[in-house]
Amino acid sequence: MGAQIATAATDVNGNFTMAIGSYAGPVMLQASGGSYTDEATGTLMPMAAGDAMTAVMPTVAAGATNSGIQVTPVTAMAQAMAQHMNGGMTDANIAAANTAMSNNFLVSDILHIRPMNPLVADAGTGASQDAQNYGMTLAAMSQYAKTVGLTTSSTMITAMMNDATDGILDGKAGATSVQMGGMAGAMLPATAGTSGMGAAMNSFMNSTQNISGVTTETLMNKLNSASGQISGSVPAMMNATVSGTVFNGPVSKATVMAFAVNSGAVGAQIASVATDSQGNFTLPLGSYSGPVMLRTIGAGYTDETTSTTMTMATNDFMSAALPTVVSGANVTGVLVTPLTSMAQTRALALSGGMTDANIAAANTAMGNYFSVSDIVHTQPINPTVAGTGVGASVDARNYGMALAAMSQYAKTLNMTLSSTLVTAMMNDATDGVMDGKNGVNQISMSMGGMMGASVMAPSAGTSSLATAMTTFMNSVANASGLTVPDMAGLMQKLTSSNGTI
């Protein structure tokens, strides 16, 4: 994926037109946001944050007009498949993936055939068999999402895209089970894309929602007997991955997205997955090569100071920036925490943005600030678990207590959600000085509830954080076995700091 060429909002019917100037070459389309009528329930649903539908087109000639392009869950699965083939989204791989996905669902051309809408009375009358199969395939995905209890069916599309990345619909991306967003710890069943879809199609066709006047038994029977192999003739797959853990206190669920980095700026979304119930994730990157930015939204976590379960506020996120990931590499043990988030915002603000050099410099500088040698790969202690500090490395101790201090400071300020303090700390770190400002602008913090906003204190990231760490160390929440003298070095460093990262 390269730089964004154009963007446009759809009309109320989902139609769009984008001017791409003199660009010539393959094109990937990516749709996010908005809302849609869910076919199985008939309800209007917003596309979940982190979910996106895609389509990929082989080389577009300069100045050419390309019309009638469909962006659907099926084109999204084909795009994900093409991206993960050896060589990535070349013309040959794009054509092979679109053809293979078309054959899988008995549709001759998934890019140009408009699916039948089975919610419209007699929509099947006069519709081609291709359009009927296409429409019922999408309805079956909606029905399957309802069957497994997903509150937003767009999360099923993301799961199906991840399942398609290795060319086999078996509930896995390579050897890694696919998580279903919206259901903490729930894995996509191995039969979801085959007999699960077949059963869901049968249920939908016989429901009151289907008023199209047609059924698609041939496709349903094909799915029921399918092995999951999308096509035996497509090129070999490239199953590069980034895996790790989200931690801001124990995380029970979250959505983690991977973004390409182009010329130092955040580029297109590469992948999106749900974490398991311990905050662990594996993102398929396919053949992508380059810097990667990870972003976590919607995390449910146990606040370390209060021991209460909190859900990250809508406008809050955590992030991490990784220097160039080589095509085909499997990067493991990556942490996404408040500290990696602060480093990512710092890297983005440096001249040139998130280059390899700036990412490395920002991650190192933030590690040095909190006396942690590697914030991207060191697992912080969880000081709310008995004895976790005993025998832990100094890095792990400092990391864990720095995060606990942020939680404690949020409580001291009577913040409703401690994730809003993380956002404030990210903003504070942007200019390289922890002084309650982003450049010359004072940082405003949302306090939550009816409390409105408050101005961030100049000492929030220095002496106030050290005071919060002392308070946490002396509280009943600290079960780590560590005492104030054990953390004296880091606390003294923060107390005497002038805020320069």
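Just so it is clear, the model here is predicted, and its values are computed rather than measured.

Asker: Even after reading the chapter, I still don't get the side chain of E39, so can you show me in this structure?
Answerer: Along the polypeptide, E39 turns up in the loop between β2 (35-37) and β3 (44-46). Although buried, E39 forms no salt bridge, and the nearest oppositely charged side chain, R114, lies 11 Å from it. If we ignore the near neighbours within four places in the chain, the residues touching E39 are N117, P118, L119, G135, L138, A139, S142, F204 and Q209.

Asker: I tried to follow the pairing of strand β7 (residues 240-246) on my own but got confused; where do I start?
Answerer: Walk down a regular strand and you will see the side chains alternate between the two sheet faces. Within β7, seven of the seven residues are buried, which leaves the element mostly enclosed by the surrounding structure. Relative to strand β10 (residues 280-286), β7 is paired through six bridges, and the arrangement is antiparallel. Within the sheet, the bridge partner assigned to T241 lies in β10 and is P284. Bridge count between β7 and strand β14 (residues 330-336): five bridges; the pairing is parallel. Across the sheet, V246 pairs through a bridge with V336, a residue of β14.

Asker: How should the pairing of strand β4 (residues 53-60) be read in this particular structure?
Answerer: Counted residue by residue, β4 has six buried out of eight residues, so it is predominantly covered. As paired elements, strand β1 (residues 25-31) and β4 share six bridges and run antiparallel to each other. Each residue of the ladder has a partner; that of L29, found in β4, is A55.

Asker: Just to check I follow, could you spell out the sheet that holds β7 for this structure?
Answerer: Working definition: the strands of a sheet are paired by backbone hydrogen bonds and lie parallel or antiparallel to each other. Read across the sheet, three strands follow the order β10-β7-β14 without closing on themselves; strand pairing throughout is mixed. Unpaired on one side and paired on the other, β10 and β14 mark the two borders of the sheet. Strand-to-strand twist in this sheet, taken as the mean axis angle between neighbours without regard to direction, amounts to 25°.

Asker: Would you mind showing me how to read the packing of aromatic side chains here?
Answerer: Centre-to-centre distance and the angle between the planes together describe a pair of aromatic rings. Taken as a whole and judged by the stated rule, the model has one aromatic pair. The lysine or arginine in question, R295, covers the ring of F259, its NZ or CZ lying 5.3 Å from the ring centre. The ring of F317 has R295 sitting right over it, with the charged end atom 4.6 Å from the ring centre.

Asker: I would appreciate a short explanation of unusual backbone geometry in the present structure.
Answerer: Leaving glycine out, the prevailing phi sign among residues is negative, and the prevailing peptide bond configuration is trans. Although it is not a glycine, L106 adopts a positive phi angle of roughly 55°. Along the polypeptide, L106 turns up in the loop between α2 (91-104) and α3 (129-148). Of note, N414 is a non-glycine position whose phi angle comes to about 65°, a positive value. Inspection of the secondary structure puts N414 in the loop between α9 (394-412) and α10 (419-429). The class for N414 is exposed, based on a relative accessible area of 53%.

Here is what the cut-offs are and how they apply
- Every chain begins its residue count from 1, and numbering advances along the sequence as written.
- Totals for whole chains, interfaces and linings use all residues, but because this is a predicted model, local features are given only for residues with pLDDT of at least 70 and pairs of side-chain atoms are given and counted only at 80 or more.
- Water and hydrogen atoms were dropped before computing side-chain values, which therefore reflect all heavy atoms in the structure.
- Secondary structure is summarised from DSSP: a helix means a run of H or I of at least four residues, a strand means a run of E of at least two, and numbering begins at the N terminus for each.
- The cut-offs for exposure are 20% and 50% of the maximum accessible area for each residue type, with area from a 1.4 Å probe on protein chains only; residues under the lower value are buried, those over the upper are exposed, and the others partly exposed.
- Under the convention used here, Asp and Glu are negative, Lys and Arg are positive, and both His and the chain ends fall outside the count.
- Any carboxyl oxygen of Asp or Glu that lies within 4 Å of a side-chain nitrogen of Lys or Arg is treated as forming a salt bridge with it.
- Contact criterion: two residues are considered in contact whenever any of their non-hydrogen atoms come within 4.5 Å of each other.
- Pairing between strands requires that DSSP locate at least two bridges from one strand to the other.
- Interaxial angles span 0 to 180 degrees and are taken between N-to-C directions of axes, which are lines fitted to C-alpha atoms, for helices over the stretch in contact.
- Pairing of aromatic side chains here covers Phe, Tyr and the six-membered ring of Trp, requires ring centres within 6.5 Å, and sorts the geometry by plane angle: under 30 degrees stacked, over 60 edge-to-face, intermediate tilted.
- Only when the NZ atom of a Lys or the CZ atom of an Arg is both within 6 Å of the ring centre and within 35 degrees of the ring normal do we say a charge sits over the ring.

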